[in-house]
Structures are given as C-alpha cells and as structure tokens.
Amino acid sequence: MVCALPAIDALRAARPDAKIDLLASPLNAQLAEERPSVSEILLDGGEPLPRLIRRLRSRRYDAVFALQSCARTHLIAGLSGARERFGYTGKRFHRLLTRTLPGGGPDEAIHETERNLRLLEAAGVQPSNRIPRLTLNEQEHAFAEKWLQKRGLETNAALIGAHPGASDPSRQYPVERFAFAADALAKRADGAALIAFAGPADIAEARRFVEAAATRAEIAQNMSIREAAALMSRCRLLFVNASGPMHIAGALNVPLVAVFGPTDPRRWGPVGSVNRVVEPSALNENASPRQRRRQTRARRIEDVKAEAVAEAGISLYEETEGALDLRCQMLLDRPHA
C-alpha cells in the first residue's frame, strides 16, 4: 500500500474531479484513510471472487490500474469491466487487460514504487512526487503522546524502535541480534529507551526482544496500524526487517536500519527517509536479472553480523542527530486539537 501511494496521488493531481476508488485489504486500507486522493475505499475482505467482480462491474469504471504486484490483482483488474485496464505482461491474466507494459515479473529490478508509477505514466500522467508519504491526524499523534506519558517517557526522549517480526521466516533477522544492536545504540544515546513494535503475529518476537535487551524496553501492541505509525514517528531510529513497517517508517521520514536477506533491496528497499540497508553479501550489479535473483534468494539473513547492524545504527544516528532533535522539538511545539 505504501508503495502505491505516489501513484494514487499522481492520479488525483492529474484528474482532480475524478472519482478515484481504492480496492484494499482491511489491514492495508487503514493507511489510505483520510487521504484526499481517494474518493472511496472498497474493502477486499476475502469474499468470493464472483461477488467482488459483480460489485466492481456495477460501478462502471472508465479505467483501472493493477498497482499491486500479485496475480490476483491483475485478475480482478482484468474482470472489472473497466474500459481501460492497465497492468504488466509479466503477470498472469495480463491478456485480460487492454493496456500492458513489459515487465512486472519476479526478475525485474526496479523499485515497486516506480513500477506503480510507470502504469500511470502509460496513461499520460506525469507524477510530481515519487516518494511515499504518510500523514497522521491529531488524534493519532495524541494517542502516541498519551502512550508515552503513561509509561513515563517524554516526547523528546531518545526512543529507539524495532520491529523484530516478519511474515516470512527467511526474512526475519534473529531477534537477539536486533536487541544487541539496539543496546549498542542506546549506549550512544543518553536516556534512551527501546520500543518493540508488534502486530498480532509478532508478539512472541517482541517479548524475546524485550527479554534480550539490557536497555529499558516497552512493547507497542494492541493498537491500530495508524496508531503504531504515530508512535513510530516519535522514534529517533528504527531497526526493521524487509517488511511493511519498514515502508511505513520510510513514509514517515523516520531514519531506519533495514536488514535484508533473500530479498532484493533494489525492488523492495526503503525509500522516503535516510536509511542503511545491511545485507549478508553484496550482489553482482553486472549480473543478469535472473542471475541476480538467484544470488538474492540464496542469501541467508542469519549471516548478517549483529555488529554490522549496530554499526549501521550508530552511524545513522550520528548522521541525523541534529535533524532528529529538531523534529522532536517540532512535535512538542505542534498545536493540539
């Protein structure tokens, strides 16, 4: 969803009077709430495909863009009944589309954000901004402030965040090494405290992080994705795997250290904020796309040393320290609704 935001905003800028609907999962839909570029959010909650298609066809769309990279999105776009249907030839069901671009397959090396924007450019839309950005409302900022106050943490405290979970075990960095890196950075940052972010599937990893850390640590759980984003925006730095929270933090301009294993950062790396990507081995830039993909998939995330992640965090913290202090002061000075 985060990687699709620049494309959605570009479409709104090009067609300010259009009705622009967004089909999204119930979880991802939260990230598009209150976004002026979106007229209406349609939830795809796993209903039978024929029923979903009937719902879309009844709206008689002029155009549809398959912004997500999965085959299901291309199938839904192809059957939507829209007069123009944009997508990629590298995906299944592309023959159901009216306008296709070459690429979109697993060997393609362009970033997902750019891949989405190319579809808009094929429709004559010229994006003015290519960086995802998330905007939070006052209620969400107030939630973060109350959460911190309840735990005796000040808004201008040196908060170091970590999201130790991942949807795929091959992309999950050992939790204890994340704790080691966070502790190393906490020694550099006076009065630091750690926050472990956890969704429903990440509670066990967050608890292990807190148990392994020598620095004071709190678990951020049982909150909406936007409330978690507001709390992330308070962090001086965030340690993450190649995951959704990484993209959210980037869209919030939070400095982050991302640990990659069998994932290509050229396609899925963080954008939007200063960051460090730590990998088990360098990839051959001169290799063919297929060779590079094989190299990427063969890498093991556990081969990344904890010391390398810690060094990346300390280096990034020192590089951004002045700007972060200014950002924290702006949060303190922000008028409250």
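**Considering the sheet that holds strand E5 (residues 99–101)**
Then, number 1: On the basis of which strands lie adjacent, the open sheet formed by three strands has the order E3-E4-E5 and parallel pairing. Among the strands making up the open sheet, the edge pair consists of strand E3 (63–65) and E5. If you compare each strand with its neighbour and ignore which way they point, the axes differ by 15° on average.
Then, number 2: Note: E3 against strand E4 (residues 84–88), three bridges, orientation parallel. The partner of Ala63 across the bridge, within E4, is Glu84.

**What about the nonpolar core?**
Then, number 1: Residues Leu67, Ile195, Phe197, Leu231, Leu238, Ile248 and Leu252 are the most contacted members of the largest nonpolar core, which totals 54 residues.
Then, number 2: By residue number, the principal contributor to this core is helix H9 (residues 225–232), which donates six residues.
Then, number 3: With sequence-adjacent residues up to four places away left out, Leu231 is seen in contact with Ala144, Trp147, Leu148, Ile195, Phe197, Ala220 and Met223.
Then, number 4: Counting 36 residues, the second-largest nonpolar core is a separate cluster that includes Ala182, Ile203, Ile301 and Ala312.

**A few points about the packing of helix H7 (residues 175–188) against helix H8 (residues 203–212)**
Then, number 1: Taken N-terminus to C-terminus, the directions of H7 and H8 make an angle of 45°; their axes are 8 Å apart at the nearest point. As summarised for this structure, H7 and H8 are arranged oblique, according to the angle between their axes. Seen along the crossing, H7 lies across H8 with a hand that is right-handed. When H7 is examined against H8, the residues Val175, Glu176, Phe178, Ala179, Ala182 and Asp183 are found in contact with a partner set consisting of Glu205, Arg208, Phe209 and Ala212.
Then, number 2: When grouped by side-chain class, the residues that make up the contact of H7 with H8 number six nonpolar, no polar and four charged.

**Some words on the pairing of strand E9 (residues 237–241)**
Then, number 1: In terms of burial, E9 is largely enclosed, as five of its five residues are buried.
Then, number 2: Of the two faces of E9, the one holding Leu237, Phe239 and Asn241 and the one holding Leu238 and Val240 are both buried throughout.
Then, number 3: As judged from the four bridges shared by strand E6 (residues 159–163) and E9, these two strands associate in the parallel manner. Paired with Ile160 across the two strands is Leu237, which belongs to E9.
Then, number 4: With four bridges joining them, E9 and strand E10 (residues 256–259) adopt parallel strand pairing. Within E10, the residue paired with Val240 across the bridge is Ala258.
Then, number 5: Running through helix H10 (residues 244–251), the crossover from E9 to the neighbouring parallel element E10 is right-handed.

Conventions used here
Residues numbered from 1 in each chain as written. Predicted model: local features only at pLDDT ≥ 70, side-chain atom pairs only at ≥ 80, totals over all residues. Heavy atoms only, no water. Pairing = 2+ DSSP bridges. Helix = DSSP H or I, 4+ residues; strand = E, 2+ residues; numbered from the N terminus. Axes fitted to C-alpha atoms, helices over the stretch in contact; angles between N-to-C directions. Core = buried A, V, L, I, M, F, W, Y, C linked by side-chain atoms within 4.5 Å. Buried < 20%, exposed > 50% of the residue type's maximum accessible area, 1.4 Å probe, protein only. Contact = heavy atoms within 4.5 Å. Parallel < 35°, antiparallel > 145°, perpendicular 65-115°, else oblique. Left-handed = near helix turned anticlockwise from the far one by under 90°. Nonpolar A, V, L, I, M, F, W, Y, C, P; charged D, E, K, R; others polar. Right-handed = clockwise from strand over helix to strand, strands pointing away.

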